[in-house]
Amino acid sequence: AALSIAKVVDETSISAPGTLTYTITVDNTGNVDLTNVVVSDDLAGSASLTSGDLNSNSILETTETWIYSATYNATQADINAGTPLVNTASVTTFEVPGPTTDDATTTISQGAALSITKVVDETTISAPGTLTYTITLDNTGNVDLTDVVVSDDLAGSASLTSGDLNSNSIMETTETWIYSATYNATQADINAGTPLV
């Protein structure tokens, strides 16, 4: 009694959440039929037999190769972690208790990126007054961002006004954060006539 198992994945590298589909091939390489065939999958938990049991008797005969399918939904947490998704499939039978295993690996491609834009409510002034700045921070990468700190040259600091949808202080890939900052232009600024950059 002998068997082999081979496992492949449809995507060997990912950069965003999505469904990974695994194909698991179990081949009877011995000279006796195999019974009580059980295939399990690490990430998916279970696998479905899609073809190979030619006479539908649930016996893996010496002339048969069974094909299974399993899926795993890769999450944003997987992308954030960046750890390769190594998924192991195993098969046992009454005659070959095993387990006999094979795995398939999907690597994670991370790309942290963001953009910042800033606008002011008044582009020209002729007297002292308050300037209000709106700062927009957008997560343009594929991983969540932590320890986000926004500073403002003139105002010194900026206040987050919206965008942290679940109030966890993590700038997720789906989020755009809006900040506000103010500066009180003085008579000295007017006298200097230098642009307030």
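Treat the numbers as computed from the prediction; the structure is a model and nothing was measured.

Parameters at a glance
Residues numbered from 1 in each chain as written. Predicted model: local features only at pLDDT ≥ 70, side-chain atom pairs only at ≥ 80, totals over all residues. Heavy atoms only, no water. Phe/Tyr/Trp six-rings, centres within 6.5 Å; stacked < 30°, edge-to-face > 60°. Lys NZ or Arg CZ within 6 Å of the ring centre and 35° of its normal. Pairing = 2+ DSSP bridges. Helix = DSSP H or I, 4+ residues; strand = E, 2+ residues; numbered from the N terminus. Axes fitted to C-alpha atoms, helices over the stretch in contact; angles between N-to-C directions. Buried < 20%, exposed > 50% of the residue type's maximum accessible area, 1.4 Å probe, protein only. Contact = heavy atoms within 4.5 Å. Core = buried A, V, L, I, M, F, W, Y, C linked by side-chain atoms within 4.5 Å. Salt bridge = Lys/Arg side-chain N within 4 Å of Asp/Glu carboxyl O.

## A look at the packing of aromatic side chains
Given two aromatic rings, their pairing is described by the distance between the two centres and the angle made by the two planes. For the structure on display, the rule yields zero aromatic pairs. Lys-7 extends its terminal NZ or CZ atom over the ring of Tyr-22, reaching a point 4.5 Å from the ring centre. The residue whose ring lies beneath Lys-118 is Tyr-133, and the NZ or CZ to ring-centre distance is 4.4 Å.

## Regarding the sheet that holds strand β12 (residues 176-185)
Pairing within the open sheet is antiparallel, and its four strands lie in the order β9-β10-β12-β11. Among the strands making up the open sheet, the edge pair consists of β9 (114-120) and β11 (159-162). Neighbour to neighbour, the strand axes of the sheet diverge by 30° on average, direction disregarded. Pairing of β11 with β12 involves three bridges; the strand directions are antiparallel. From the neighbouring strand, Ser-159 faces β12, where its bridge partner is Ser-180.

## Focus: the environment of Ser-157
Along the chain, the position of Ser-157 falls in the loop between β10 (129-139) and β11. With relative accessibility at 47%, the residue Ser-157 sits in the partly exposed group. Residues Ser-157 and Ala-181 lie 24 residues apart in sequence; the distance between their C-alpha atoms is 6.7 Å. When sequence neighbours within four positions are dropped, the list of residues in contact with Ser-157 reads Asp-152 and Ala-181.

## Considerations on unusual backbone geometry
Peptide bonds are mostly trans, and most non-glycine residues show a negative phi. Each neighbour pair has its own omega, and for Gly-98 with Pro-99 the value is 5°, a cis peptide bond. For Ser-58, which is not a glycine, the phi torsion comes out positive at approximately 60°. As for its placement among the helices and strands, Ser-58 is situated in the loop between β5 (48-51) and β6 (65-74). By relative accessible area, which is 52% here, Ser-58 ends up exposed.

## Digging into the environment of Ile-5
For Ile-5, the position within the fold is in strand β1 (residues 3-9). When its relative accessible area of 10% is taken as the criterion, Ile-5 is described as buried. For the pair Ile-5 and Asn-28, spaced 23 residues apart in the sequence, the C-alpha separation amounts to 9.1 Å. The residues contacting Ile-5, other than those within four sequence positions of it, are Ile-24, Thr-25, Val-26, Ala-89, Ser-90, Val-91, Thr-100, Thr-101 and Asp-102.

## Remarks on the nonpolar core
Membership of the largest hydrophobic core comes to 39 residues, with the highest contact counts inside it found for Ile-24, Val-26, Val-39 and Tyr-68. Elements with a minimum of two residues in this core: β1, β3 (18-28), β6, β7 (85-92), β8 (100-108), β10 and β12. If sequence neighbours within four positions are ignored, Val-26 has contacts with Ser-4, Ile-5, Val-39, Leu-60, Thr-65, Trp-66, Tyr-68 and Val-91.

## Description of the pattern of salt bridges
One pass over the structure, following the stated rule, counts two salt bridges. With its nearest N and O atoms 2.5 Å apart, the salt bridge here joins Lys-7 to Asp-41. Here Lys-7, found in strand β1, pairs with Asp-41, found in strand β4 (residues 38-41); they are 34 residues apart in sequence, far enough to count as distant. Pair check on accessibility: Lys-7 and Asp-41 agree, each one buried. Its salt-bridge partner being Lys-118, residue Asp-152 comes within 2.5 Å of it at the nearest N-O pair. Remark: Lys-118 occurs in strand β9 and Asp-152 occurs in the loop between β10 and β11; sequence separation between them is 34 residues. Taking the relative accessible area as the measure of exposure, Asp-152 reaches 5% and is therefore buried. Using a relative accessible area of 43% as the deciding quantity, one classes Lys-118 as partly exposed.

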